Structure formats: C-alpha cells, structure tokens
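Each chain, written out:
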Amino acid sequence: MSSKPVPQSVIIIGAGIFGLSTALAIARRHPSTKITIVDRLTPPVEDGTSVDTTRCIRADYGDPLYAKLAEEAQKKIEQDPELSRFYFKQGMSFVAEGTPGPMLDLYKKNLAAVRARAAQGLGGDPIEMKSPEAVFQSIHGKTAQPVSNASLGRRKRWNIGYRNMDDAFIDARESVRIYYERCLAQPSIVFRCGVPVDRLAVSGQQATGVILENGQTLSADLTLVAAGAWSNKLVYLDDLIVPSAIEVAWIKLTDEEVVKWKNMSITTNFDTGFNLFPPYRGEIKCLRRSAGYRNTVLIPHPEDPSKTIRTSLPRTVVTNPTDQIPLEAEKALRDNLREMMPQLADRPFDRTKLCWLSQTPSADFIIAPHPRIAGVHVATGGSAHAWKFLPTIGDLVVDSMEGKLDGKLAAKWAFGTKGTSEGNAPRIGGAAQELAHVVRSRL
Ligand SMILES: Cc1cc2nc3c(=O)[nH]c(=O)nc-3n(C[C@H](O)[C@H](O)[C@H](O)COP(=O)(O)OP(=O)(O)OC[C@H]3O[C@@H](n4cnc5c(N)ncnc54)[C@H](O)[C@@H]3O)c2cc1C
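Residues numbered from 1 in each chain as written. Predicted model: local features only at pLDDT ≥ 70, side-chain atom pairs only at ≥ 80, totals over all residues. Heavy atoms only, no water.

Chemist: How would you summarise the overall build of the protein chain if you had to cite specific residues and measurements?
Modeler: The number of helices and strands found in the protein chain is 12 helices and 26 strands. The C-alpha radius of gyration computed for the protein chain amounts to 22 Å, which stays within 12% of the reference 22 Å derived for 443 residues, consistent with globular compactness. In terms of overall dimensions, the protein chain has C-alpha extents of about 70 × 50 × 40 Å along its principal axes. Here the protein chain holds 443 residues, and 58% of them are scored as buried. Counting only contacts in the protein chain whose residues sit at least 6 apart along the sequence, the fraction spanning at least 24 positions is 76%. Carbon and sulfur atoms form 53% of the exposed surface of the protein chain, whose accessible area is close to 18,000 Å². Separation between the mean location of the 55 positive side-chain charges and that of the 48 negative ones in the protein chain comes to 1 Å. (Helix = DSSP H or I, 4+ residues; strand = E, 2+ residues; numbered from the N terminus. Rg over C-alpha atoms; globule rule 2.2 N^0.38 Å. Buried < 20%, exposed > 50% of the residue type's maximum accessible area, 1.4 Å probe, protein only. Contact = heavy atoms within 4.5 Å. Areas by Shrake-Rupley, 256 points an atom, 1.4 Å probe, with all protein chains shown as cover. Lys, Arg positive; Asp, Glu negative; His and termini not counted. Charge placed at Lys NZ, Arg CZ, Asp CG, Glu CD.)

Below you can see the structure in the form of structure tokens.
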C-alpha cells in the first residue's frame, strides 16, 4: 500500500464528530498543515447530527470490526478527563417482542456477541430478562407490575431482554463543545463559520477548495467533505447515502421521578425501534429508529451544475423552528411509553425534533477518496451509529487520506460499497415518508 503525505492545506467541511475529530488528528500528526474548518453554524451546531442531549456509547456490536473499534473509542472516552465528566455508565437494556423474525434473530446474535465478549473477559455477563414483568421491573423496581394487555389495547411488545452494564450514555453537546475548544486551541486550525459551502471548486478533475454561498473562494490542496446529512449537496452520492430523519422527543420530569428512575439503563426495543434514555438534566429523551422521513428537493448536480438531481436534504429545528414531529411519530412514541413508562404516556412533550442522518444501505460509513475528483476526500455516512467513535474516527480518516487505512476497513468504507445492513444500527422496516406530506407546525 502506497503512503501519501497529507498536504500543506486542508479544508474540512463540517464541524460534526467526523470533521472535528479529523482536524485534531491532522493537527497532531502534521502540525505544519493549515486546516480550515467550514460550517454553516458555530459548533456545537444546533441541528448537526452530532449535537444532542445524549448519545449511546457501547462496544457490543455483533460485527467484530466495529466492536473492536468501539471498544478502543469507549476506553479513550473513559480515560479522557474532560469527556468522562459527561459520561454515565448505566448500561443498556435491549428488548424484543420475541416473535420469530429478523429482529429476534438480531437480538439473539447480539446477545451471543455480548456473552462471547464476556467469556473473553472483555465485559460483564448480560443480565437476562425472561418476561415482560422482568423487563418492566428493570426500570420500575421489583414489585412493579406491567400494564395489562387490556389497558394497552394490544399484546405486549416488550417481552424479553438483556441488560449490558458495560454500555453508557454521554452528553453529546458538551462533548462536541470540548472537541471544538480543543480545535480552537490548535495553532494550525481556523474556523470559518456562518456561511455554508455552496460547492466544491473544481478545475478539470482536480478540486482546488470550496466556493461559499457568498461567492467567496477558499483554496486548499485537499478538501474533506464531512457534511453529514448535507453531504449529498456537495458530492454526488446517488443512492449510496439517503439522508433521512428520525423522531426525538423530550419530557420534563418531577424531582421525584428523577430520583426514581435515575439508575435505569438506556432501554431500547429492537422490534418497535423505541429508545428511552435515563433522566438527564431533569428530563427524559425518547426516540424511535423508525423508517423515518425524507425531504426531497431538486438541486444542481454536484459534479455538473448544468444538470439537476433529486435528493433528500435536512429540514431542521434551525431552518424550520416551528416544526413538530409528525402525528404518526408522536403516536408511536406514546404507544411505547404507555407500555414502558405509563406515567409519561400522555404528558406533553417539552420539545421534539427530527434528527437527520446520513444513512448508507449497509450502515457502513464512507471514508474514502472521491472516485472522480482528485483533492477530495469523503467522511460521512454515520448511519445512526458513528458518534461513539469521536476519539478515534479522525485518525482513521487521516489513515485513509494517507492511503494506509487497514485493508478491511478500507474495503468496508469504500466509496461505492453497497450491501445490506448487518444490524450495526438497526432501524425498523419500511420506506421513509415524504416529510412535506406529514409535517406539523407548533403554530
Ligand atoms: C436520533 C439519532 C440517534 C443517534 N444515536 C447514536 C448513538 O446513540 N450512538 C452513536 O454512536 N451514534 C448515534 N447516532 C449517529 C451519530 O450521531 C452520527 O453518525 C454522527 O453524529 C454524524 O456526524 P457527522 O459529523 O457526519 O454529521 P454532523 O454532526 O451533522 O456534522 C455535519 C456538519 O456539516 C455542516 N455542514 C453541512 N453542510 C454544510 C455546508 N454546505 N457548508 C458548511 N457546513 C456544512 C453541518 O452544519 C454540520 O455541523 C445517532 C443519530 C441520530 C440521528
């Protein structure tokens, strides 16, 4: 494998986890390289996928490649004096309906992976929950009784599960702020925030930098596109990445509720896609790994502005601040709450959002040189599971820029790789709905 030096100047489009982590990795390895990070907004970017109240940190992937990388990243987070202040190792419960099908298969595969890791001394044994009572009691205590099928109006869906106490959650916003401040402290890194990149500046088949929406050109030897769910505007990704969004909601708790639930684990259901976080800063966050929503727009072809392409691009809490999650999404969240958190099922949401993600069909990232334009590298396709790699992903992106990324990872993250998901970031089935048809406004 031939090694290529990182050039003297690099522009990074995007100050999410991919962009910030890469900037720091370049600054560490190549202190004389001049790095410019460009973002639409100043980090922590309010509607960036990396910025949220919480993210899960876990190494219990069924896929050994991601499991190893996640284990290294989790250790680094735990050893980081600043990040570890915002890191809470309270475990994660994975629950299933228990009816035969792909989600039960995935549940069994992941449980086997946790057991195998424990057998190798890489983690604790999973705590099994063999009934709906045990699942419910894992949050509400040993004497609590689950809601009956009669009052649910359907059969229970939270029936069997296991709890992995090695899993954790982290304050994602604070962590991104910490990484932003680390970048600011580097003499070789500057930020240009507030004006989005309109397009790559390309001469022939060679990129020379970027053109901002105000017409200004910024030049660099190498441009990294790490623009998350917006990347399709800057690089032609065809159907390699479909930007889509999933629903998130927050509910305020009373002080008594915070005390009652403070030690619960993150609790998720493979079949319903529902994900419930422990109380944090006086509220509970829930989300659903649904088939999601897309926002189809017609934009200039990134490689040939004389043509147009149809793609989905984020419509967010920043661009459309009065948007609320669609009714169907709210109903699905409340239906899950009714079974697992009945006290909260009818409580008003404090706020909701659609969180946009850059989703590849296989849930593998894309970290690779642009196949047609020299001087461009791509690091995106986080697919609802990249956050946890914050401390390590930048080094892997720089390995890729230098042409020395481990062969298996290079193949997994190659530009153009398709394939089906191995369950690394499972979402429930179905096609994403067009947001314009279902969007609601708070006003
Ligand atoms: C609801 C939800 C839950 C998730 N949960 C987890 C989890 O528990 N654990 C986990 O590991 N992962 C999780 N993920 C995935 C993880 O959050 C993402 O994979 C990761 O944050 C993606 O980072 P990014 O840098 O690609 O994108 P972003 O953070 O979105 O960064 C991209 C940046 O590019 C900027 N940008 C875009 N276009 C332009 C432009 N034209 N000009 C200038 N700047 C531009 C944007 O403003 C943005 O700041 C979750 C994702 C979602 C949506």
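Now that the structure has been shown, the text picks up again.
Chemist: Please set out the pattern of salt bridges residue by residue, giving values where relevant.
Modeler: For the coordinates displayed, the defined rule picks out 42 salt bridges. Glutamate 247 serves as the salt-bridge partner of arginine 288, at 2.6 Å between the closest nitrogen and oxygen. With arginine 288 in strand E17 (residues 283–288) and glutamate 247 in strand E14 (residues 242–252), this residue pair connects regions lying 41 residues apart in the sequence. Connected via shared salt-bridge partners are Arg28, Arg29, Asp395, Asp399, Glu402 and Lys404. (Salt bridge = Lys/Arg side-chain N within 4 Å of Asp/Glu carboxyl O.)

Chemist: With reference to specific residues and values, describe the side chain of asparagine 295.
Modeler: Mapped onto the elements, asparagine 295 comes out in the loop between strand E18 (293–294) and strand E19 (296–301). By relative accessible area, asparagine 295 is classed as buried at 15%. Here leucine 313 takes part through its backbone oxygen, which lies 2.9 Å from a polar atom of the side chain of asparagine 295. The residues touching asparagine 295, leaving out its near neighbours within four places in the chain, are Thr311, Ser312, Leu313, Pro314, Arg315, Trp356 and Glu434. (Polar contact = N/O pair within 3.5 Å; in protein donor to acceptor, adjacent residues only side chain to side chain.)

Chemist: Hey, could you go over the sheet that holds strand E11 (residues 206–212) for me, with residue numbers and the actual values?
Modeler: Hydrogen bonding along the main chain pairs the strands of a sheet, whether they run parallel or antiparallel. Reading across from one edge, E10-E11-E12 is the order of the three strands in this open sheet, with antiparallel pairing throughout. The open sheet has two edge strands with one neighbour each: strand E10 (197–203) and strand E12 (217–219). Strand-to-strand twist of the sheet, defined as the mean angle between neighbouring strand axes without regard to direction, takes the value 35°. In this sheet, E11 lies alongside E10 in antiparallel orientation, the contact comprising six bridges. (Pairing = 2+ DSSP bridges. Axes fitted to C-alpha atoms, helices over the stretch in contact; angles between N-to-C directions.)

Chemist: Which residues make up the nonpolar core, and what are the values?
Modeler: Residues Phe18, Ile37, Ile189, Phe365, Phe389, Ile393 and Trp413 are the most contacted members of the largest nonpolar core, which totals 77 residues. No other element matches the eight residues that helix H1 (residues 17–29) contributes to this core. Aside from chain neighbours lying at most four places away, what touches isoleucine 393 is Ile17, Phe18, Ser21, Phe365, Ile367 and Trp413. By size, the runner-up hydrophobic cluster in this structure holds 55 residues, among which are Leu237, Leu240, Cys286 and Leu344. (Core = buried A, V, L, I, M, F, W, Y, C linked by side-chain atoms within 4.5 Å.)

Chemist: Account for the site of the ligand, naming residues and giving values.
Modeler: Around the ligand there are 32 residues in total, and Asp39, Arg40, Ser50, Cys56 and Val197 lie nearest to it. Here an oxygen atom of the ligand sits 3.2 Å away from a polar atom, N or O, in the main chain of isoleucine 17. With respect to the ligand, the backbone of alanine 386 contributes an N or O atom lying 3.3 Å from an oxygen atom. Protein contact buries 98% of the 1,000 Å² of open area that the ligand shows by itself. If you list the elements that add at least two residues to the shell around the ligand, you get H1, strand E2 (34–39), strand E3 (54–57) and strand E22 (351–359). If one sorts the elements of the shell around the ligand by residue count, E22 sits on top with three residues. (Near = heavy atom within 4 Å.)

Chemist: Can you tell me about the pairing of E17, naming the residues and giving the values?
Modeler: The element E17 is largely enclosed, with a buried count of six among its six residues. Every second residue of E17 is oriented toward a common face, with Glu283, Lys285 and Leu287 on one face and Ile284, Cys286 and Arg288 on the other, all of them buried. Across three bridges, strand E16 (residues 274–276) lies against E17 in antiparallel orientation. The partner of asparagine 275 across the bridge, within E17, is leucine 287. Where E16 hands over to E17, the hairpin turn is made up of six residues, of which arginine 281 adopts a positive phi near 50°.

Chemist: How would you sum up helix H10 (residues 390–401)? Please name residues and give values.
Modeler: The end-to-end C-alpha distance of H10, which contains 12 residues, comes to 18 Å, matching closely the 16 Å that a straight helix rising 1.5 Å per residue would cover. With respect to burial, H10 is a largely interior element, 11 of its 12 residues being buried. Listed in full, the buried residues belonging to H10 are Leu390, Pro391, Thr392, Ile393, Gly394, Leu396, Val397, Val398, Asp399, Ser400 and Met401. Looking one or two residues past H10, glycine 403 carries a phi angle of roughly 75°, positive in sign. (Expected span 1.5 Å × (residues − 1).)

Chemist: Describe the environment of asparagine 164, naming the residues involved and giving the relevant values.
Modeler: Checked against the element boundaries, asparagine 164 lands in strand E7 (residues 160–164). When the C-alpha positions of asparagine 164 and alanine 226 are compared, they lie 32 Å apart, and in sequence the two are 62 residues distant. When near neighbours in sequence (up to four residues on either side) are disregarded, asparagine 164 contacts Asp60, Gly91, Met92 and Val114. For asparagine 164, the side chain forms a polar contact with the side chain of aspartate 60, separated by 3.0 Å. In terms of polar contacts, asparagine 164 uses its side chain to reach the backbone amide nitrogen of aspartate 166, at 3.0 Å.

Chemist: How would you summarise the environment of phenylalanine 274 if you had to cite specific residues and measurements?
Modeler: Looking at the element boundaries, phenylalanine 274 is found in strand E16. By relative accessible area, phenylalanine 274 is classed as buried at 0%. It is 29 Å that separates the C-alpha atoms of phenylalanine 274 and tyrosine 179, two residues lying 95 residues apart in sequence. Dropping the residues within four chain positions of it, phenylalanine 274 is found in contact with Trp158, Thr267, Thr268, Asn269, Cys286, Leu287, Arg288, Leu333, Asn336 and Leu337.

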